[in-house]
Amino acid sequence: MTPAIVVQFLAQGAQMFLVLLIAPLAVGVTRRVKARLMRRQGAPLLQGYRDLAKLVRKESVLAESASWLFRTAPYLVFALTWVAAALVPSFASGLMFNWAADVVALVALLGAARALLALAGMDVGTSFGGIGSSREMMIATLAEPAMMLIVLTFAIAAGTTRLAGVADFFIAEPIAVRVSLALSLVALVIVALAENARIPVDNPVTHLELTMVHEAMVLEYSGRHLALIEAASMLKLTLYLSLLICLFVPFGMAPAAAGLGGWLIGTLAWSAKLLLGAALLGVWEVSIAKMRVFRLPDFLGVAFVFAFIAILLAYLSRGATV
Amino acid sequence: MKLAYEISHLLAGVMLVVSFALLYQQRIAAVLNAFAAQSITLALAVAWAAWSEDRPDLFITATIAFLLKGIVIPVALHRTVTRLGVHREVEKVVGVGMALLVGLALCGLSQALVVKIAPVAAGLARDELALAMAIVLLGFLMMIVRRNAVTQVVGFMSMENGLILAATGAQGMPLVVEVSVAFSVLIALFVFAVFVFRIRERFDTIDIEALDRMRGDRR
């Protein structure tokens, strides 16, 4: 084992823990910005960590009708989401497991996590869990095709679905007006909002019976199980922000051959962009109202339409240059 | 050259997106605003082509598109709608989702057609042609899925926008034809407006479904 491999391995491990460490902070920034814009004091930025610590210490209460699935689902959901979040290139594009950071693989990992969570939501047999699971699945069936089309747009532009490859391609490419990429940015933002249960689709802070989606699904969880699920949803938010950064503003990311200095700059740039993205999310959330559930197919349909037009235009312009 | 191509591509793409917005919008006022946006984007696209390809006659086309279809026709339609007292929801034959899906299929169709008929060497013009054809087909679709007479007018006008875009991307149509098309569209607007008022007087609605009864094949 050569030292280079060890360093590579350590860097990959650092990325893995970096996303886990920064995820509660990103959520904290979003909440804080929202609170400030509503002229409230707001919780401190580190509240996310404290919430998780509190939940881990608490006793986990299980329903009598809960099966083994209900108990194992939080661990699996957390593990799948963490793996997915750790795969998205953050500070450097040439890490050890970058060959695995394929967008299709990410979609599959997140899909598996969502399926588990939906099953767990229905496991106990309360009506809220069932409603939440069914709505989550409705949203997912609309968001996932759009996501796949976005992936294909990038595959056409960069010639690969590996995230690191796409990021390298866009760092090397001169900045250009590309209407297909602008459209897929809009589509990806809509998909990200839907997947993270953010405001026009779902409200992450209420437990209002009729409108909740994600919260309804996890209503039966408590204690360390809830901590894992909360951590997973924080990681998912970080993942999508990181994905947007990696695909659309990868500047500052260290290239494959960079040393420690490059990685440091990359980490700083990535953290700054991530927290800025989280703050923008907060601004977005206070400036828009939640949609009715029955309007959601139209909203997500827009993402699908945009992604489709994007891929059409990407195909067209490729045909022109070849 | 690359930048010129990218910007014309961008503007044509924006027009296509606005075409979808026309299909998506629920309220008449929003539909009219979207149509104005599409016409202004068309004017920009034509002006860009005039500037980058050094064809000054296209500036006239751009001006006509901007003044007539970007300002005069939307304002006239807005006033018509206010006088008719209909700014509520647009009546539709099929739902929004269905209309969007059919629209996507039409986009695919136009692309497939253009790839078949145009040689690869035609590159730049071919892209514009595919987009323009998609816009024309979406205008058709809008006339089919909307039952309100005012939105049918908008569908017709947006079809004409697509035609002008196609003409710009190709060798360009002679200015005489251009001007006469513009004015015939304006006259068509007047005819439509008169018809809309007559329909309203006769049937107390501008839902064109009411016209079916005139043929006697209902009931």
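Only a predicted model underlies this, so the values are computations on that prediction, with no experimental measurement involved.

So, how was this worked out
Residues numbered from 1 in each chain as written. Chains lettered and ligands numbered in written order. Predicted model: local features only at pLDDT ≥ 70, side-chain atom pairs only at ≥ 80, totals over all residues. Heavy atoms only, no water. Helix = DSSP H or I, 4+ residues; strand = E, 2+ residues; numbered from the N terminus. Buried < 20%, exposed > 50% of the residue type's maximum accessible area, 1.4 Å probe, protein only. Contact = heavy atoms within 4.5 Å. Areas by Shrake-Rupley, 256 points an atom, 1.4 Å probe, with all protein chains shown as cover. Phe/Tyr/Trp six-rings, centres within 6.5 Å; stacked < 30°, edge-to-face > 60°. pLDDT = per-residue confidence, 0-100. Salt bridge = Lys/Arg side-chain N within 4 Å of Asp/Glu carboxyl O.

### Quick look at the overall build of chain B
And step 1. Assigned secondary structure in chain B consists of eight helices and zero strands.
And step 2. Secondary structure elements in chain B, listed N-terminal to C-terminal, are α-α-α-α-α-α-α-α.
And step 3. Of all 219 residues assigned to chain B, the portion counted as buried reaches 51%.
And step 4. Sequence-distant contacts, at least 24 apart, represent 75% of the contacts inside chain B between residues at least 6 apart.
And step 5. When the accessible area of chain B is evaluated, it comes to approximately 10400 Å², of which 69% is carbon and sulfur surface.

### A short note on the packing of aromatic side chains
And step 1. Summed over the entire model, instances satisfying the criterion amount to nine aromatic pairs over all chains.
And step 2. Taken together through their ring pairs, the aromatic side chains of F154(A), F169(A), F170(A) and F248(A) make up a single cluster.

### Let's talk about unusual backbone geometry
Residues and elements named next belong to chain A.
And step 1. Unlike most non-glycine residues, R39 shows phi in positive territory, near 60 degrees.
And step 2. With respect to the element layout, R39 can be found in the loop between α1 (3-37) and α2 (47-57).
And step 3. Phi at A197 takes a positive value of approximately 55 degrees, unusual for a residue other than glycine.
And step 4. Looking at the element boundaries, A197 is found in the loop between α7 (179-195) and α8 (214-217).

### Regarding the confidence of the model for chain B
All names here are of chain B.
And step 1. Scored by pLDDT, chain B comes out at a mean of 79, with 80% of its residues at no less than 70.
And step 2. Across chain B, the element-wise mean pLDDT spans from 63 in helix α8 (residues 212-215) up to 89 in helix α2 (residues 28-52).
And step 3. Across the assembled chains, the prediction reports ipTM 0.73 with pTM 0.84.

### What about the pattern of salt bridges?
And step 1. For the coordinates displayed, the defined rule picks out seven salt bridges over all chains.
And step 2. In this structure, R198(A) engages E285(A) in a salt bridge whose closest nitrogen and oxygen atoms are separated by 3.2 Å. Of this pair, R198(A) sits in the loop between α7 and α8 while E285(A) is found in helix α10 (residues 260-286), placing the two residues 87 residues apart along the sequence. Residue R198(A) shares its accessibility class with E285(A), and that shared class is buried.
And step 3. One salt bridge connects K69(B) with E160(B), and the closest N-O pair in it is separated by 2.5 Å. Of this pair, K69(B) sits in helix α3 (residues 57-84) while E160(B) sits in helix α6 (residues 149-169), and the two are 91 residues apart along the sequence. Pair check on accessibility: K69(B) and E160(B) agree, each one buried.
And step 4. Connected through shared salt-bridge partners, R114(A), E144(A), E195(A) and K236(A) make up one network.

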